[in-house]
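# Commentary on secondary and tertiary structure
Listed here are the chains, written in short residue letters.
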Amino acid sequence: MSSRAVRKTAGHTAQDDLAQVLQKVGINKHNNDDDDDDSDLVITTKNDYRRNAFEMLADEDDNNNDDDQVVIDSDNQLNDEIQHQQQSTTSKSKRKRKIKKKNIQTQKTDEVDDDFLIVTNESHSEAASSSKDIVSDLLSTDNRLLNPINEMKKKFGSSIVEQIERENNPTAQAMLANMPAQRRRAYQILQQQQQRPSTRLAKQNAFIFTKVGWPNYFKFGLLMKPSSPLSETAINTGNYFQFEYDKDYQRLQIQFFDHVDQHNLQGIMDILRHHPYHIDALIHLSDVSRMQDDTPTAVDLIERALYSFQQSFHPLFSITRGECRLEYRIQENRSFFISLFKHIIYIGERGCSRTALEFCKVLLSLDPIDDPLAIVLLLDYYAIRSEEYNYLIRFYTEQNQRLRLDGLPNFIYSLALAYFRISSFDKANETLQNALIRFPSMLKYILDKLSIRPDRTVEKCRYFSDSERYETEALKCIQQLYAVRMSNEWKEKDELDFLKDNVNHVIQIIEQNQDPRIANYTELRKTEYRKTPINVCRHIVLSESNEIRGFLTNAMQNANTFYTFDPFPPTDSIVGFQRPERPTMQVNSSYNSFGMFLRSLMPNFNLENFLVDPNAQGGAVGGGGAGGDNDVGMLQALQESIRDFIRDIGVTNIHEDQLQQPPGEDDNENNNEFD
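Residues numbered from 1 in each chain as written. Predicted model: local features only at pLDDT ≥ 70, side-chain atom pairs only at ≥ 80, totals over all residues. Heavy atoms only, no water.

### Observations concerning the overall build of the protein
For clarity, the threshold we go by: For the purposes of this entry, the term helix denotes a DSSP run of H or I that reaches at least four residues, the term strand denotes a run of E that reaches at least two, and both are numbered from the N terminus. Type-normalised accessible area, obtained with a 1.4 Å probe on protein chains alone, sets the label of each residue: buried when under 20%, exposed when over 50%, and partly exposed for intermediate values. When checking whether two residues touch, look at their non-hydrogen atoms; a contact exists if any pair is within 4.5 Å. Per-residue and other accessible areas follow the Shrake-Rupley method at a 1.4 Å probe size, with only the shown protein chains counted as cover for residues.
The number of helices and strands found in the protein is 32 helices and 5 strands. The proportion of buried residues among the 675 residues of the protein is 45%. In the protein, the proportion of contacts linking residues at least 24 apart, taken out of those at least 6 apart, comes to 76%. For the protein, the computed accessible surface area is about 36100 Å², with 47% contributed by carbon and sulfur atoms.

Have a look at this one:
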């Protein structure tokens, strides 16, 4: 213990030391001669405060640097006190100078900013900057809103959500059930703590967290780098990035494409066994699980693909600010778009509409100009479902001119519903009447979906009854898509009365035949919706609904073959590598089509056993169709095979040394907030 600490333990203070020094120089506090004159110099040594000696030991550890500089001599102690006062005065003057200098710099900056604003107000760049700010503000989000568990806990409670999570992850539960209790606890702590984001930016970008049963993550060839827009236009605002593959990942991707072309599911599983976070293999296997109605496995694989993307983000990339862009034309970027879209669908099916809306913002922010997956057909749906009516109105008001939202039947019908639910009835009536005049067939689709027969007045009005005959297939597709998703939002009595009153008012407008909108909108329906946009076709294919996929036009259904993990790729697609050419072969025609499809899903399937040269002579050997019982057996065997495979790749990537020393839990943060 230092001498300074000893004096403090004995009750001495700086005033005591000062009194001793004054006594040495001849000023005694007990001097009666100058008692009156020197009363100001008398210093009391009374000190009621006594410190704990053990507390001084802690102070000594915290102030080692200070103790090294303390001089024990009392005269030097006085000098320290005087120096402390001088330093305090000096620091105050320095602070004043710094504040004054800062004010001068701020004033200069304001003057520069004013000059800059004057220049930019006269240039075109200000419009682009303003557009960027508006779009970024509309599409920005909070990463806490990107966790569906937070929304589910708010709705149903933590205990129910945890029980559902256990039931939806039978593979992990079966794996944990076979572990000893101590090893199971260590494994659970390891899974919770591994790969936690370490930086503030990484925490803001974290929207997928590891789960029990997932293999350990290690980076393999998937990178992200800053980029620039491929087409320089005034509306190309934002910070552009792109994913890229290194040489090893490119070779692995070529192997994956070969396995897909050969319908070799075993080869795809082998890729995942050695590289459990290969993006396209995870998406493909998720589609296979979805076809077997194994939704928990499909959801888990998509989340794992997104986690792989998340771990590859560039330090400057952010999904929450709404200002980072990805080009859909670049093949390496498209898997991220598609994984996010599938994730939105799965989240919506779990009833997490607010979380799905936030992910719609994220997906639209990646390419708000082209919207390659037509996310605007979903944004209004989740805004209504999550009761974010003001956001929907604001989005339409600010983006209608740029995105032409008034030409989308789903948006103007949802807009009318939003105005109605916030009790803005005049605006709601005006918007719904305009929607009924522009898209009259929507009334029939909504009523048919609700199994409601229109009254005689509507049936007699040919503007409503015959409108479907004069509409293109593309317009029918979008309207039916809206009716399937949103019909339940119109089934309540208040909404039906709101719809009925405005239909009767529109019929009166039509009978008067004086409104110019009738002729204008009739012509627009014939000319502006001739062909289904390619982004709408992608939207329908990825919607994971057989009823919705049925709206795909015959022309698009008969289009060239495409991969389910990359439907309808752009014609000007940019690929970072080239696949080697393969010889052209065809499947033996003697095999039953459905039987071949089921065989292709089996892990031990090899397409080469069923291929023949189209120029070869003679019939096929073997052949034969697949019977019904055999088909069911193959389907069940496939489902069990995939589940065993998912469990195996989760267990084989866990090493014993990782379970010996589980990390601490002091870095856990409360991420369960939901606003």
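Having put the structure on the table, let's press on.
### A word on the nonpolar core
Put simply, the rule is: To form a nonpolar core, buried Ala, Val, Leu, Ile, Met, Phe, Trp, Tyr and Cys residues must be joined to one another through side-chain atoms within 4.5 Å.
By size, the foremost hydrophobic cluster in this structure holds 137 residues, and its most contacted members are Tyr413, Phe464 and Trp490. Once residues within four sequence positions are removed from consideration, Tyr413 is found in contact with Leu432, Ala435, Leu436, Phe439, Met442, Leu443, Tyr482 and Trp490.

### Some remarks on the sheet that holds strand 1 (residues 222-226)
We count it as follows: For two strands to be treated as a pair, DSSP must find no fewer than two bridges joining them. Between N-to-C directions, angles cover 0 to 180 degrees, with each direction set by a line fitted to C-alpha atoms, over the stretch in contact for helices.
With mixed pairing, the 3 strands of this open sheet are ordered in space as 1-2-3. Two strands lie at the open edges of the sheet, namely strand 1 and strand 3 (324-326), each paired on one side alone. Between one strand axis and the next, the sheet turns by 35 degrees as a mean value, whatever way the strands run. The sheet contact formed by strand 2 (residues 239-245) and strand 3 spans 3 bridges and is parallel. Residue pairing for strand 3: Phe241 is matched across the bridge by Leu326. Across the face of the sheet, helix 16 (residues 331-349) comes into contact with strand 2 and strand 3 while running at roughly 105 degrees to strand 2.

### Let's talk about the environment of Ile134
By the secondary structure assignment, Ile134 is in helix 6 (residues 125-139). Classification of Ile134 by relative accessible area gives partly exposed; the value is 34%. C-alpha of Ile134 to C-alpha of Gly322: the two residues are 188 residues apart in sequence and 9.8 Å apart in space. When neighbours within four sequence positions are excluded, Ile134 is seen to be in contact with Glu398 and Gln399.

### Topic: the pattern of salt bridges
Put simply, the rule is: Here, a salt bridge means any side-chain nitrogen of Lys or Arg that lies within 4 Å of a carboxyl oxygen of Asp or Glu.
In the structure shown here, the tally under the stated rule is 29 salt bridges. The partner of Arg354 in a salt bridge is Glu388, with the nearest N and O atoms 3.2 Å apart. Residue Arg354 is found in helix 17 (residues 353-366), and its partner Glu388 is found in the loop between helix 18 (376-385) and helix 19 (389-403); the two are separated by 34 residues along the sequence. It is possible to trace a salt-bridge network through shared partners that takes in Arg354, Glu358, Lys361 and Glu388.

### Focus: the packing of helix 22 (residues 441-449) against helix 25 (residues 473-486)
Heads up, the rule is: Take the far helix as your reference; a near helix turned counterclockwise from it by less than a right angle gives a left-handed crossing, and one turned clockwise gives a right-handed crossing. Residues were grouped as follows: Ala, Val, Leu, Ile, Met, Phe, Trp, Tyr, Cys and Pro as nonpolar; Asp, Glu, Lys and Arg as charged; and all remaining residues, including Gly, as polar.
Where helix 22 meets helix 25, the closest approach of the two axes is 9 Å, and the angle between their N-to-C directions is 35 degrees. The way helix 22 lies across helix 25 gives a crossing that is right-handed. Facing helix 22, whose interface residues are Ser441, Met442, Tyr445, Ile446 and Lys449, helix 25 presents Lys476, Gln479, Gln480, Tyr482, Ala483 and Val484. The residue inventory of the contact of helix 22 with helix 25, partitioned by class, reads 6 nonpolar, 3 polar and 2 charged.

### Some remarks on the packing of aromatic side chains
The line we're drawing: Any pair of Phe, Tyr and Trp rings, taking the six-membered ring for Trp, is counted once the centres come within 6.5 Å. Such a pair is stacked with planes under 30 degrees apart, edge-to-face with planes over 60 apart, and tilted for the rest.
Per the stated rule, a full pass over the model turns up 27 aromatic pairs. A ring pair is formed by Tyr391 and Phe395, whose centres lie 6.2 Å apart and whose planes are at 40 degrees; its orientation type is tilted. Separated by 4 residues within a single helix, Tyr391 and Phe395 lie in helix 19, roughly one turn from each other. The buried category is assigned to Tyr391, whose relative accessible area is 9%. When the centroid spacing of 5.9 Å and the interplanar angle of 25 degrees are considered together, the rings of Phe395 and Phe411 count as stacked. Within this pair, whereas Phe395 is found in helix 19, its partner Phe411 is found in helix 20 (residues 409-421), the two being separated by 16 residues in sequence. For the residue pair Phe395 and Phe411, the accessibility class agrees, reading buried in each case.

### Considerations on the confidence of the model for the protein
To keep things clear, this is the line we draw: Residue-level confidence of the predictor is summarised by pLDDT, bounded by 0 at the bottom and 100 at the top.
Of all residues in the protein, 59% have pLDDT values of 70 or greater, and the mean over the chain is 74. Low pLDDT (under 50) marks residues 98-126, which in the prediction has 4 contacts with non-local residues, meaning those over four places away or in another chain. Throughout residues 651-675 the model reports pLDDT below 50, and contacts reaching past four residues in sequence, or to other chains, amount to 48 contacts.

### Notes on helix 7 (residues 148-156)
Put simply, the test is: Pairs of N or O atoms within 3.5 Å make up the polar contacts considered here, provided that, within protein, one atom can donate a hydrogen while the other can accept it, and that residues adjacent in sequence are counted only when both atoms are side-chain atoms.
Among the residues of helix 7, those classed as buried are Pro148, Ile149, Asn150, Glu151 and Met152. One side-chain oxygen at the N-terminal end of helix 7 lies 3.1 Å from the backbone nitrogen of Ile149; it belongs to Asn147. Phi for Gly157, located one or two positions after helix 7, is positive at around 100 degrees.

### A few points about the side chain of Asp280
What counts, and what does not: Charged-residue counts in this description rest on Lys and Arg as positive and Asp and Glu as negative, His and the chain ends being excluded.
Mapped onto the elements of the fold, Asp280 is located in helix 14 (residues 279-291). No salt bridge is formed by the buried Asp280, whose closest oppositely charged neighbour, Arg334, lies at an N-O distance of 8.8 Å. If near-sequence neighbours (up to four positions away) are discounted, Asp280 is found in contact with Tyr245, Gln253, Phe256, Ser335 and Phe565.

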